[in-house]
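# Architecture at a glance
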Amino acid sequence: MLAIAHLSAQPPGHHESLPIESVLPADSPRLDGEDVEHICLLAEAEDLPPILVHRATMRVIDGMHRLKAAVLRGDETIRVIFHDCNDADAFVMSVKANIQHGLPLSLSDRRAAAARIVMLYPRWSDRAIAEVAGLSAKTVGAIRRDSPAALTEVRERVGRDGRVRPLNTVDGRRYASELITLYPESSSREIARKAGISPSTVRDVRDRLRRGENPVPERRRPGNPNEQLTPECKLQERIKSLQSFDCRDEILQKLSKDPTVRMTDKGRAMLRWLSSQCQQVEKGREFLADNVPDHCSSLIADLACSFANSWLSIAGEMRSRSQAQP
């Protein structure tokens, strides 16, 4: 497996000239193929940089636009830098290369690439895949949950630094609590290294011990499996992956100060509608508390989850649009 910590889109090496016909098209992360306008623009350049080629298959890892530009202007040879790796690593390198330079990948390209990398390397952490695909770790986490790879039993994850960390940190938390008790002056980083957990987890364990609490959160303790979570709890977990944690009043205030909102008819209409939705939720809470019969409360809970799920779909779409902005 390609070492994440040493992932390079353009590995060092000397280039050589090869007949263009000997180079095969890339296993490209671009869903819609290459951009014709960009190819024409490159064809006007005097000197095209070398392309990166997978030696075992002769497929392009990085440089399909340059290859087609060379073909367009009638070149018979092209400068190539060979790289030795397996097919999966070649795809990962291709994605990272297209993120770092050249014509940017679209959001749909990046999401599709992340979904494929999740399948290729289910042990890679969300942050590691996010760094390769140019997405947020939260987005990768959502992609992972919807992927068949979610059914693969994985006990540990490989981070961006190449270090392996357990997914279940229960044992690590308990060991860290013992180390903190025995060596209270030790740094969080030192204890994290010995216990096999992150420094932030060690700090959480310290805080819990200081408050006299169990070092392992209740939701992580044995006998509390995720499959027993109520629909409300599952929705709450999904919300955490999309929310920036501003309160409603702060969000509405920010929107009302945005010139594109307050100085346009559509913007003001949107703001009025959002304000009314917030007011209806607060009024609805009090109304339902006083008027719903006890034997109907489960049905109302299911209906509320249905409404919440619809809003989560909107949240996901809006978050994707915000992440697609340059």
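One can find the structure itself at the top, above this paragraph.
These figures come from a predicted structure and were not determined experimentally.

### A few points about helix α3 (residues 87–100)
Its 14 residues place the ends of α3 20 Å apart at the C-alpha level, agreeing with the 20 Å of an ideal helix rising 1.5 Å per residue. Counting buried positions along α3 yields 11 of 14 residues, so the element is predominantly enclosed. Buried within α3 are the following residues: A88, D89, A90, F91, V92, M93, S94, V95, K96, A97 and N98. Contacts from the buried residues of α3 go to β2 (51–54), β3 (59–62), β4 (77–83), α4 (107–120) and α5 (126–133). The backbone nitrogen of A88 lies 3.2 Å from a side-chain oxygen of the residue at the head of α3, namely N86. Just past α3, the residue G102 takes up positive phi, approximately 75°.

### Some thoughts on the side chain of E34
Checked against the element boundaries, E34 lands in the loop between β1 (16–19) and α1 (36–43). Within the local environment of E34, its side chain forms a polar contact with the side chain of K68, the two groups lying 3.0 Å apart. Here E34 is in contact with S28, I39, M64, H65 and K68, once residues within four sequence places are set aside.

### Overview of the sheet that holds β4
Overall, mixed pairing links the 4 strands, which are arranged β1-β4-β2-β3 in an open sheet. Both outer strands of the open sheet, β1 and β3, are each paired with one neighbouring strand and no more. Taken over all neighbouring pairs, the strand axes of this sheet differ in orientation by 55° on average, direction set aside. Relative to β4, β1 runs antiparallel, the two sharing 4 bridges. When the sheet's bridge partners are listed, E16 is paired in β4 with V80. Sheet contacts for α3: β2, β3 and β4; angle to β3, the most-contacted strand, approximately 40°.

### Some points on the nonpolar core
Generally speaking, a soluble globular protein has its nonpolar side chains buried in company with each other. Core analysis: the biggest nonpolar cluster contains 19 residues, and I117, W124, I129 and L135 have the highest contact counts within it. Counting residues per element, the ones that place at least two in this core are α3, α4, α5 and α6 (137–145). One finds A43, M64, A69 and F82 within the second-largest nonpolar core, a separate group that totals 17 residues.

Definitions and cut-offs
- Residues numbered from 1 in each chain as written.
- Predicted model: local features only at pLDDT ≥ 70, side-chain atom pairs only at ≥ 80, totals over all residues.
- Heavy atoms only, no water.
- Helix = DSSP H or I, 4+ residues; strand = E, 2+ residues; numbered from the N terminus.
- Expected span 1.5 Å × (residues − 1).
- Buried < 20%, exposed > 50% of the residue type's maximum accessible area, 1.4 Å probe, protein only.
- Contact = heavy atoms within 4.5 Å.
- Polar contact = N/O pair within 3.5 Å; in protein donor to acceptor, adjacent residues only side chain to side chain.
- Pairing = 2+ DSSP bridges.
- Axes fitted to C-alpha atoms, helices over the stretch in contact; angles between N-to-C directions.
- Core = buried A, V, L, I, M, F, W, Y, C linked by side-chain atoms within 4.5 Å.

On their own, these measurements won't tell you what the molecule is for.
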